[in-house]
Amino acid sequence: IAPKINSQTYFLENKGRLPSFVQYSAETSGGIIYFNKNGYTVLMKDTRMYDSLWAHIHKYKSLQYNFSVNWHRFDVEFAGANLSDIKPKNEFITKYNFYKGNLAAKWHTNLKSFESITYQNIYPSIDWRIESLLQTVKHSFILKPGSDPNNIKINYSHTDAMRIEKGNLIISSSVGQIIEQKPL
């Protein structure tokens, strides 16, 4: 996953703020990633239009005409994987609070954020780690002795196109591209 980010990306625990199938989320300048028990969902925004909207608001202090920012969703699923054992790592000191309306029952407070999350043993002796790095979110498969990398099966849905270029996977959508860098 390589949406560009402007500041430190973090993995935020759900704790009832989002639908129950979402375990963690990560916001980047390019969109939002929702991690779940099947894989993850990416909501990409048209960053060119989004940046234009913010420049317009900054200049005029209000909207002078209607803006439309398009989004594109695609899903990534790990076929036959067990994504139930997830471990966050390196908790940040910042806590996040979300208040919806006047009813305290709809508020979500003191949510923790982390530098990385690891799904342990998604396939026999294979972990999947997702971490925030400078300007990007990176995911890796950690293969332990005796593991079989051929067990890793990834299904992409709702993309416009996909191709391999110089060993990198280029995922195209209606609002841009994501580059999955080739394995090291």
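Keep in mind that what you see is a predicted model, and the values were worked out from it rather than measured.

## Digging into the overall build of the chain
Looking only at helices and strands, one finds one helix and 15 strands in the chain. For the chain, the spread of C-alpha atoms along the principal axes amounts to about 60 × 45 × 25 Å. Counting every position in the chain, which comprises 184 residues, the buried fraction comes to 38%. By sequence separation, contacts in the chain at least 24 residues apart represent 50% of the contacts at least 6 residues apart. Put simply, the chain has 22 plus and 15 minus side-chain charges, and the middle of one group is 4 Å from the middle of the other.

## Description of the confidence of the model for the chain
Overall, the predicted model of the chain reaches an average pLDDT of 89, with 95% of residues at or above 70. The low-confidence segment residues 1–6, where pLDDT is below 50, has 31 contacts with residues more than four positions distant or belonging to other chains.

## A look at the environment of Tyr123
Mapped onto the elements, Tyr123 comes out in strand E9 (residues 113–123). By relative accessible area, which is 5% here, Tyr123 ends up buried. Taking the C-alpha atoms as reference, Tyr123 lies 32 Å from Ser174; in sequence the two are 51 residues apart. Beyond its immediate stretch of four places on either side in the chain, Tyr123 contacts Phe78, Ala79, Gly80, Ala81, Asn151, Ile152 and Lys153.

## What to know about the sheet that holds strand E14 (residues 168–173)
The strands making up a sheet associate through backbone hydrogen bonding, with each pair oriented either parallel or antiparallel. Pairing is antiparallel across the open sheet formed by three strands, whose spatial order is E13-E14-E15. The sheet is open, and its two edges are formed by strand E13 (161–165) and strand E15 (176–180), each paired on a single side. Direction aside, neighbouring strands of the sheet carry axes that sit 20° apart on average. Pairing of E14 with E15, which is carried by five bridges, proceeds in the antiparallel orientation. Each bridged residue has a counterpart across the sheet, and for Leu169 the counterpart in E15 is Glu180.

Quick notes on the rules
- Residues numbered from 1 in each chain as written.
- Predicted model: local features only at pLDDT ≥ 70, side-chain atom pairs only at ≥ 80, totals over all residues.
- Heavy atoms only, no water.
- Helix = DSSP H or I, 4+ residues; strand = E, 2+ residues; numbered from the N terminus.
- Buried < 20%, exposed > 50% of the residue type's maximum accessible area, 1.4 Å probe, protein only.
- Contact = heavy atoms within 4.5 Å.
- Lys, Arg positive; Asp, Glu negative; His and termini not counted.
- Charge placed at Lys NZ, Arg CZ, Asp CG, Glu CD.
- pLDDT = per-residue confidence, 0-100.
- Pairing = 2+ DSSP bridges.
- Axes fitted to C-alpha atoms, helices over the stretch in contact; angles between N-to-C directions.

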